[in-house]
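# A structural walkthrough
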Amino acid sequence: MEKKIVDHLFRHHYGKMVAILTRFFGLSYIETIEDAVQDTFIKATLQWRKQLPDNPEAWLTKVAKNRTIDLLRSIKAEKNRIERINSGPSSIALNELFLDYEIEDSQLRMIFVACHPSLKPQEQIAFALKTISGFSTKEIAAALLIKEDTIAKRLQRARKTIVKNNIQFDFPPPHAIQERLHRVMEVVYLTFNEGFHSTNNAELIREDLCGEAIRLCKLLIKKEEFRSGSLYALFALLCFHASRLKSKTNESNEIVGIREQDRSQWHFPLIDIANSAMNKSMEYEDLSIYHYEAAIAFEHVKAKTFEETNWKSILKWYTKLYELQPTSFTSLNIAIVNLQLNELNTVKKVLENLKIKDLGQRQYLYFGSYAEYYLKRGEKALAQSFYEKAISKTSNSLEREYLRKKLAQLKS
C-alpha cells in the first residue's frame, strides 16, 4: 500500500518539486536537484513502511529541500548562499514557492526551459518528459521508440547545454512564445499517449499520465498569451480520449476493443468539455494535427454504437491529417479505416507501401492489420500467421493476450 502511495505521489509531485527547487537554487544545479528529489522518494519508500506521515506531501517537500542543501554542500556550492537558505528571508521565500499559484508558475517556466531553442528537438522532448512529468529513462525510451542509452545521453547533453548557455528559468520573450509552444504541446501529447496506450509490459492504461497531460494543458490554457487554436484542439483531443478510459479494459483487466466497449461507461461531461474546447479552437486562425485528430476522436464518441461509426468521415480526417503531417502511423490508420469500409485493395496498397521500422514498438499493429485483411479475404492460414507475428512483436502483456484470444477464435 505504501509503495502505491509513493508511486502516486512521485508521478504527481516529482515535476512540481523539481520545478520549485530549480526556481530557488537555479538551473545550474538541475542534475543535483533531480538527484535530491529522486533520493527523497527512495527514502519515503523505506521509511513509510513503518508509518505514513500525517502530511506526505509536506514531508516530501521538507526532505527534498534538505537533501538538495546537503548535496550542494557536498559539491562545495557557494557558502554564503547555503547559509542564507537555512534561515531568514530565503527560507521564507522557499516556503512561499510551494503555494499553489507559485507551483503552477514554476512548472510553466520549466516547460519552456525544456523546450528552449538551445536544446536540440530530441533533447527537448526527453528533458521535458523527465523534469516535468517524472518519466524514467525507460519510459522515455518507450514513449519515443528509442534505446534507453540514447535517451540517457540526450538528457546529459541537455543538462550540459543549460549550464553552458546559462539558460534562465523564465518564460520566453513574447515573439518566441508560439514557436516554443509547438514543442511544449508535443511533450503534452506524448505524455498522454504513453498513458492512453502504454508500452509498459503489465499496464495498458496509465491514468496518472493521462491526468498529468490534461493538467499541464489546462495550466497552459490559463495563460491568455499561450492560447491558440492548436492548444484548445489538443485539450479537446485529450478530453475526448480520456472520456473512454474506463471502457478500454474490463474488471479482469482484459482489453475491450472499441466494438465491444460499453459506451454507457464513457464520461459524457468530459465529452462536453472537449466539444467546448473544439469550438473555442475554431476562433483562432491556426490549424494543426490536433484539430484533425480531435475531429477523428469526436467521430468515435458521437457514435451511439460501433455500427453507427461514420468511417467515411474518419477517413476524410485521416487523409487531411496525412497531408499536413505524413507519417507511417497515419498511413496505418488509413489502412485500418479502409478495413472497416471493406476497401481491401486500398488496404493492401497502403500496407505494402508502409515503412514498418517507423512504427517502432507499435509494429504489432501493422501485422495485426494484415491479419484482419487476410481474414476478410477468407485466407485463414495467412491471417493466422500474421496474428502470430503480431503477438511476437507485442511488448504489453494485455495486448499480447488480446491477440492470442483473437488467434484462438480463428483456430476454433
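Quick caveat: nothing in here was measured; it's all calculated off a predicted structure.

### Structural notes on the overall build of the protein chain
- When helices and strands are tallied, the protein chain shows 20 helices and zero strands.
- Counting across all 412 residues of the protein chain, residues that qualify as buried make up 52%.
- Residue pairs in contact within the protein chain that sit at least 24 positions apart in sequence constitute 66% of those at least 6 positions apart.
- Summed over its atoms, the accessible surface of the protein chain is roughly 20500 Å², and 49% of this surface lies on carbon and sulfur atoms.

### So, the packing of helix α13 (residues 268–281) against helix α14 (residues 289–302)
- At a minimum axis separation of 11 Å, α13 and α14 run at an interaxial angle of 145°. Read as a crossing pair, α13 and α14 show a hand that is left-handed. Listed contacts from α14 to Ile271, Asn275, Met278 and Ser281 of α13 are His291, Ala294, Ala295, Phe298 and Val301.
- The class makeup of the residues in the contact of α13 with α14 is six nonpolar, three polar and no charged.

### So, the confidence of the model for the protein chain
- Of the residues in the protein chain, 89% reach a pLDDT of 70 or more, and the chain-wide mean stands at 86.
- Ignoring residues within four places in sequence, the model shows residues 82–92, a span with pLDDT below 50, making 16 contacts including any to other chains.

### Points about the pattern of salt bridges
- Taken as a whole and assessed by the stated rule, the structure comprises 17 salt bridges.
- Note that arginine 215 is salt-bridged to glutamate 212, the shortest N-O span being 3.2 Å. Residue arginine 215 and its partner glutamate 212 are located together in helix α11 (residues 207–222), separated by three residues, close to a single helical turn.
- For arginine 215, a relative accessible area of 23% corresponds to the partly exposed category.
- Three or more residues are tied together by salt bridges with common partners; here these are Arg23, Asp105, Arg109, Asp170 and Lys223.

### Focus on helix α20 (residues 397–411)
- Its 15 residues give α20 an end-to-end C-alpha distance of 21 Å, which sits within 8% of 21 Å, the value for a rise of 1.5 Å per residue.
- Taken residue by residue, α20 has Leu398, Glu399, Arg400, Leu403, Leu407 and Leu410 as its buried positions.
- Residues of α20 that are buried sit in contact with α18 (363–376) and α19 (380–392).

### Quick word on the side chain of lysine 248
- Among the structural elements, lysine 248 can be located in the loop between α12 (229–242) and α13.
- Here lysine 248 is buried and forms no salt bridge, its nearest opposite-charge partner glutamate 399 lying at an N-O distance of 7.1 Å.
- From its side chain, lysine 248 meets the backbone oxygen of phenylalanine 196 in a polar contact 2.6 Å long.
- Other than its neighbours up to four places away in sequence, lysine 248 contacts Phe196, Leu204, Ile205, Glu254, Ile255, Val256 and Gln261.

### Things to note about unusual backbone geometry
- Although it is not a glycine, asparagine 166 sits at a positive phi angle of roughly 55°.
- The residue asparagine 166 is located in the loop between α9 (148–164) and α10 (177–196) in this model.
- Its relative accessible area of 54% is what places asparagine 166 among the exposed residues.

### A few points about the side chain of threonine 330
- Within the fold, threonine 330 resides in helix α16 (residues 328–340).
- Of note is the side chain of threonine 330, whose polar atom sits 3.0 Å from the side chain of threonine 327.
- If we skip the residues at most four places from it in the chain, threonine 330 touches Tyr318, Leu321, Tyr322 and Gln325.

### A look at the environment of alanine 274
- Along the chain, alanine 274 falls in helix α13.
- Separated by 33 residues in sequence, alanine 274 and histidine 241 have C-alpha atoms that sit 9.4 Å apart.
- Excluding its chain neighbours within four sequence positions, the residues that come into contact with alanine 274 are Ala236, Cys239 and Phe240.

### Let's talk about the packing of α10 against α11
- Axis separation between α10 and α11 bottoms out at 7 Å; the angle between their running directions is 155°. Put simply, α10 runs roughly antiparallel to α11. By crossing handedness, the relation of α10 to α11 is classed as left-handed. Between α10 and α11, the residues in contact are Leu181, Val184, Val188, Thr191, Phe192, Glu194, Gly195 and Phe196 and Leu209, Cys210, Glu212, Ala213, Ile214, Leu216, Cys217 and Leu220, respectively.

### A short note on the packing of aromatic side chains
- In total, this model carries 19 aromatic pairs according to the counting rule given.
- On the basis of an interplanar angle of 80° and a centroid distance of 6.0 Å, the ring pair of phenylalanine 112 and phenylalanine 171 is categorised as edge-to-face. One end of the pair, phenylalanine 112, is in helix α6 (residues 100–114); the other, phenylalanine 171, is in the loop between α9 and α10, with 59 residues separating them in the sequence.
- Exposure remark for phenylalanine 171: the relative accessible area of 24% places this residue in the partly exposed category.
- Geometrically, the ring pair formed by tyrosine 370 and tyrosine 373 is edge-to-face, given 6.1 Å between the ring centres and 80° between the ring planes.

### Side note on the state of the cysteines
- Evaluated as defined, the whole model comprises zero disulfides.
- Not engaged in a disulfide, the cysteine cysteine 239 finds its nearest cysteine sulfur in cysteine 217; these two sulfurs lie 7.9 Å apart.

### What about the environment of serine 106?
- The residue serine 106 is located in helix α6 in this model.
- Taking the C-alpha atoms as reference, serine 106 lies 8.5 Å from phenylalanine 169; in sequence the two are 63 residues apart.
- Not counting residues within four places of it along the chain, the set of residues in contact with serine 106 comprises Ala19, Ile20, Arg23 and Phe169.
- A distance of 3.2 Å separates the side chain of serine 106 from the side chain of arginine 23, its partner in a polar contact.

Criteria and cut-off values
- Residues numbered from 1 in each chain as written.
- Predicted model: local features only at pLDDT ≥ 70, side-chain atom pairs only at ≥ 80, totals over all residues.
- Heavy atoms only, no water.
- Helix = DSSP H or I, 4+ residues; strand = E, 2+ residues; numbered from the N terminus.
- Buried < 20%, exposed > 50% of the residue type's maximum accessible area, 1.4 Å probe, protein only.
- Contact = heavy atoms within 4.5 Å.
- Areas by Shrake-Rupley, 256 points an atom, 1.4 Å probe, with all protein chains shown as cover.
- Axes fitted to C-alpha atoms, helices over the stretch in contact; angles between N-to-C directions.
- Left-handed = near helix turned anticlockwise from the far one by under 90°.
- Nonpolar A, V, L, I, M, F, W, Y, C, P; charged D, E, K, R; others polar.
- pLDDT = per-residue confidence, 0-100.
- Salt bridge = Lys/Arg side-chain N within 4 Å of Asp/Glu carboxyl O.
- Expected span 1.5 Å × (residues − 1).
- Lys, Arg positive; Asp, Glu negative; His and termini not counted.
- Polar contact = N/O pair within 3.5 Å; in protein donor to acceptor, adjacent residues only side chain to side chain.
- Parallel < 35°, antiparallel > 145°, perpendicular 65-115°, else oblique.
- Phe/Tyr/Trp six-rings, centres within 6.5 Å; stacked < 30°, edge-to-face > 60°.
- Disulfide = S-S within 2.5 Å.

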